[in-house]
Amino acid sequence: FAPLILEIPARYTFIIMPKPLRCDSKLLEKDLSGQVVIVTGANSGCGLETSRQLVKQGATVILACRNKEKGEEAAKDVGGVFLAPLDLGSLEVVREFVKAFEAYSDRLDVLVNNAGIMACPYGKTKDNFEMQIGCNHLAHFLLMRLLTPLLIKTAETTGKPSRFVALSSVAASETSMGGGVPSIDFDDLLWETRTYNESVAYGQSKLANYLHPLGASRKIPADKLICTSVHPGWVLSPMDQHVMAKMFGTGFFGKAVGSVVRSIFLWKGDMIVPQDGAQSTLYCILADNDENGVQSGKYYSQFGIYKDEKSQAGGWPMAFPNPNATPEVADKLWQVSSELVGV
């Protein structure tokens, strides 16, 4: 299942990527009436398409977005609900969002930590965290911790385990593009002393997104909450805006070149559309929780540019190809994150 490499002629190299993994059509026909779902970053990309599909199947989907206007527009588009802004750059706003949700519903079946930023210039959140670890991991960690009692209560009421899905990335492991093996730097998690590297910071934050559900699966029984992480694939979305800006600039010409580059990758099959990017998340939400379905603590990946050739085709589930992603590291990150966000 590794990508097929063709050389035509010798000085050109073309990589034919595997076809995207897709849910069985029966999963996409399941009746979700009565279920309540929160999807962060749901106004575009995978989050929007995940929300659209779940609403189609009867779920009440809360689109948790930073921008109120974009969130309301997306909710109207898919038939979901926009309750309140969710700015992951502020723990206070996260707490306010949770209060608004708890006033709205006494049930939560699924939490999808979908939102994220990628390789942005150095910056800090309102809580003085480095931006990528702050938004991608710490704010999401707080959101999940605050909503866990309701997720468990819902499982006890329905007799079915609730679901928690965190979007990680191939960038949480060593990729074919180089850059080394990501790790969690507990000595300088917030980049207070290291020279900032936006790509390394992104890899650390995405590794944290893998470790968070792994750690949760070690603390919460699987009959109460199924905790999984996913690599959605390289998805056509605004996520790569900082990468494209660094490569081609932010002017009209640079944006035009960036659009052309995306189109080429999409045509080649390296990049996938958001509907395919949502498939791994949807599988983790919809598949049965048995040995042939979704298992808590596991990793579900679309195909990706893993350095490990055996991982490149992806898998539902697949072994996470990073030796730094151990249960012990997950436990330590859980403790450190709890202290940083105050839970």
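Heads up: these notes are all about the structure in this document. (Residues numbered from 1 in each chain as written. Predicted model: local features only at pLDDT ≥ 70, side-chain atom pairs only at ≥ 80, totals over all residues. Heavy atoms only, no water.)

### A look at the overall build of the protein
Defined as follows: A helix here means a DSSP run of H or I that spans at least four residues, while a strand means a run of E at least two residues long, and both kinds are numbered starting from the N terminus. Residue exposure (1.4 Å probe, protein chains only): buried if accessible area is under 20% of the type maximum, exposed if over 50%, otherwise partly exposed. Pairs of residues are marked as contacts when any of their non-hydrogen atoms sit within 4.5 Å. Note on areas: Shrake-Rupley with a 1.4 Å probe; residue coverage comes only from the protein chains shown.
Check the secondary structure of the protein and you find 10 helices and 9 strands. Looking at the 343 residues of the protein, the share that counts as buried comes to 52%. Residue pairs in contact within the protein that sit at least 24 positions apart in sequence constitute 71% of those at least 6 positions apart. With the model as given, the accessible surface of the protein reaches about 15800 Å², and the carbon-plus-sulfur share is 53%.

### A word on the layout of surface pockets
Our working rule: We place a 1 Å grid over just the protein atoms. Points where a 1.4 Å probe fits but has no way out form a cavity, open points with protein on both sides within 12 Å along at least 5 of 7 lines form a pocket, and any residue with an atom within 4 Å of a point lines it. Grid points are joined across faces, edges and corners, and a volume is the space filled by probe spheres set on the points.
The space that makes up the second largest pocket amounts to roughly 310 Å³. Taken together, 17 residues make up the lining of the second largest pocket; nearest its centre are Gln35, Lys160, Pro161, Arg163 and Ile285.

### What about the packing of aromatic side chains?
The test is simple: Stacked, tilted and edge-to-face are the three classes assigned to paired rings of Phe, Tyr and Trp, where Trp is represented by its six-membered ring and a pair needs centres within 6.5 Å; plane angles under 30 degrees give stacked, over 60 edge-to-face, the rest tilted. Definition used: whenever NZ (Lys) or CZ (Arg) falls within 6 Å of the ring centre and also within 35 degrees of the ring normal, the charge is taken to sit over that ring.
Applying the stated rule across the entire model yields 8 aromatic pairs. On the numbers, 5.0 Å between centres and 70° between planes, the contact of Tyr122 with Tyr196 is edge-to-face. With Tyr122 in the loop between β5 (110-113) and α4 (131-158) and Tyr196 in the loop between β6 (162-167) and α5 (198-217), the pair connects residues that are 74 residues apart, well separated along the chain. Between Tyr283 and Tyr300 the ring centres are 5.9 Å apart and the planes differ by 40°, which places this aromatic pair in the tilted class. Here Tyr283, found in helix α9 (residues 279-286), pairs with Tyr300, found in strand β8 (residues 299-301); they are 17 residues apart in sequence, far enough to count as distant. Tyr300 gets classed as buried once you look at its relative accessible area, which sits at 0%. Aromatic ring contacts, followed pair by pair, group Tyr122, Trp191 and Tyr196 into a single cluster. In this arrangement the basic side chain of Arg194 is found over the ring face of Trp191, its NZ or CZ atom lying 3.6 Å from the centre.

### Some thoughts on the pairing of β5
This is how the line gets drawn: Pairing between strands is defined by DSSP: at least two bridges between them are needed. Handedness is read with the strands pointing away from the viewer; a crossover is right-handed when the path from the first strand over the helix to the second is clockwise.
Alternating residues of β5 divide into Val110 and Val112 and Leu111 and Asn113, and every residue in both groups is buried. The pairing of strand β3 (residues 36-40) with β5 spans 3 bridges and is classified as parallel. Its bridge partner lying in β5, Val37 is registered against Val110. Read from β5 through α4 to β6, the crossover connection turns out right-handed.

### Points about empty space enclosed by the protein
Test applied: Asp, Glu, Lys and Arg are counted as charged, while Ala, Val, Leu, Ile, Met, Phe, Trp, Tyr, Cys and Pro are counted as nonpolar; the rest, among them Gly, fall into the polar class.
With the rule as written, the count across this model stands at 1 cavity of 30 Å³ or more. By volume, the largest cavity amounts to about 40 Å³. Asn113, Ala115, Asn136, His137, His140, Ala166, Leu167, Asn209 and His212 are the residues that line the largest cavity. Those elements giving two or more residues to the lining of the largest cavity turn out to be α4, β6 and α5. If one sorts the elements of the lining of the largest cavity by residue count, α4 sits on top with 3 residues. Taken together, the residues of the lining of the largest cavity break down into 3 nonpolar, 6 polar and no charged.

### Digging into the pairing of β3
β3 sits mainly inside the fold: 5 of its 5 residues count as buried. The alternating pattern of β3 places Val36, Ile38 and Thr40 and Val37 and Val39 on opposite faces, both of which are buried.

### Comments concerning the pattern of salt bridges
We apply this condition: Salt bridge, as used here: a side-chain nitrogen of Lys or Arg that lies within 4 Å of a carboxyl oxygen of Asp or Glu.
Tallied over the full model, the rule gives 11 salt bridges. The salt bridge partner of Glu72 is Lys68, with a shortest N-O separation of 2.7 Å. Of the two residues, Glu72 and Lys68 are both situated in helix α2 (residues 68-78); the distance of 4 residues between them amounts to about one turn of the helix. The exposure class of Lys68 is partly exposed, given its relative accessible area of 46%. With a closest N to O distance of 2.7 Å, Arg107 and Asp109 form a salt bridge. A residue is classified by how much of its surface remains accessible, and Arg107, at 26% relative accessible area, is partly exposed. According to the relative accessible area criterion, Asp109 is buried, its value standing at 8%.

### Side note on the sheet that holds β8
In sheet architecture, strand pairing relies on hydrogen bonds along the backbone and comes in two forms, parallel and antiparallel. Selection criterion: Lines are fitted to the C-alpha atoms to define the axes, a helix being fitted only along its stretch in contact, and any angle between axes, read from their N-to-C directions, falls within 0 to 180 degrees.
Read across the sheet, 7 strands follow the order β4-β3-β5-β6-β7-β8-β9 without closing on themselves; strand pairing throughout is mixed. Edge positions in the sheet fall to β4 (60-64) and β9 (315-318), since each of these pairs with one other strand and no more. With strand direction ignored, the average angle separating the axes of adjacent strands in the sheet is 20°. Of the strand pairs in this sheet, β8 and β9 are connected by 2 bridges, and their pairing is antiparallel. From the neighbouring strand, Ser301 faces β9, where its bridge partner is Gly315.

### Details of the side chain of His212
If you trace the backbone, His212 turns up in helix α5. Discounting chain neighbours no more than four positions away, the residues touching His212 are Asn113, His137, His140, Phe141, Met144, Phe164 and Trp334.

Note that all results are geometric; they support no functional claim without further evidence.
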